[in-house]
Amino acid sequence: MRRNTLPVVGLLGVAALAITGCQGPSAEAAPADPDAPITIATLPVGEDPTAENPTEVFAELFEEATGRKVEVTDVPDYLSVVEAIRADHVDIGIMSGFPSALAVNTGEVDPLVAFEGDDKPVSTCVVLDESPVQEVEDLEGKTVAFADQASSSGYFMPVYMLHEAGLEQGEDYEAIFAGGHEGSFAALAQGQVDAACTAIMLTELGKPMFPFEEGEWRAVGESPSMAVQGTVLGRQSLDEDTRKVIADGIAKVFSPENAERLGAMGAFAELGQTVAPDPSLYASFAEIAGVAGVELKDLK
């Protein structure tokens, strides 16, 4: 496995496309090269040197499953993953539900494999055990940390949960964006915020993904479930043979026997998969995105 970092200047250029709503020309499919490496954009996951890094585990398993080398490119945030794919810097990225919906809605990336949703709640808000906050409504007037403005579990779903409790962002509570789930947890631990909204799955993983010991924290509220938990997104210029290699490899990697090794990515291993899903599968995200102040159509 080779690991790279995409230059920030390049990311800023392609990110501007999403912000302004402009579209670049569609890339043409290149001839298949059965020996070409598969390139992946990802956020850095798991900084604990004593634990296996989920991204490195995925890359190792994906190389075994596909028979191809895997090159991982680290990017700074969720939307940068999408933009790296749109700009043909990488072949694929694995995203949670809302970034997937935003990306698919541009018409400039393809959903290769969807991880189907279940009936389980996605998000909660974490408070310290001594906090006076007992229920979601108690977050009125408080400061709440969110992971990233494109995060499903760390922004869209908890914002919708707060909305359903009658609390609106900017009016009933102050929101800060911590740059990731780890940043949200650090802000809570340091007393900078009253709550950190995150994925329920992360609270169940424990250390190193979730830093609080039992008895140090409480969960407040539960968000609804999502129709799609995540998607493997691909550049539109991928040839059909490579698409099949990727889909077959994903099915092998994200199987129950690999769930524990995959760490934070392991939740996908318990879900059903749909190859080449129809974009209409993502339609249910529009209402929740609207509550968060994002119109999916604005990113066309």
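Model, not experiment: these values are computed from the prediction. (Residues numbered from 1 in each chain as written. Predicted model: local features only at pLDDT ≥ 70, side-chain atom pairs only at ≥ 80, totals over all residues. Heavy atoms only, no water.)

Okay, the overall build of the chain next. The secondary structure content of the chain amounts to nine helices and twelve strands. When the 300 residues of the chain are sorted by exposure, 50% land in the buried category. Put simply, 81% of the contacts in the chain that link residues at least 6 apart link residues at least 24 apart. Just so you have it, the chain exposes about 13500 Å², and 50% of that area is on carbon and sulfur atoms. (Helix = DSSP H or I, 4+ residues; strand = E, 2+ residues; numbered from the N terminus. Buried < 20%, exposed > 50% of the residue type's maximum accessible area, 1.4 Å probe, protein only. Contact = heavy atoms within 4.5 Å. Areas by Shrake-Rupley, 256 points an atom, 1.4 Å probe, with all protein chains shown as cover.)

Throughout the structure, instances matching the rule amount to one disulfide. Sulfur-sulfur distance for the disulfide between Cys-125 and Cys-197 comes to 2.0 Å. For the disulfide bridge between Cys-125 and Cys-197, the dihedral angle about the S-S bond is near 80°, and by the sign convention the bridge is right-handed. One end of the pair, Cys-125, is in strand β6 (residues 123-128); the other, Cys-197, is in strand β9 (residues 195-199), with 72 residues separating them in the sequence. (Disulfide = S-S within 2.5 Å.)

Let's shift gears to the nonpolar core. Grouped together as the largest cluster of nonpolar side chains are 45 residues, with contacts concentrated most on Phe-98, Leu-139, Phe-146, Phe-156 and Leu-233. Per element, the largest residue contribution to this core is seven residues, and it comes from helix α5 (residues 152-164). In this structure, Ile-38, Ile-40, Ile-94 and Leu-112 belong to the second largest nonpolar core, which totals 25 residues. (Core = buried A, V, L, I, M, F, W, Y, C linked by side-chain atoms within 4.5 Å.)

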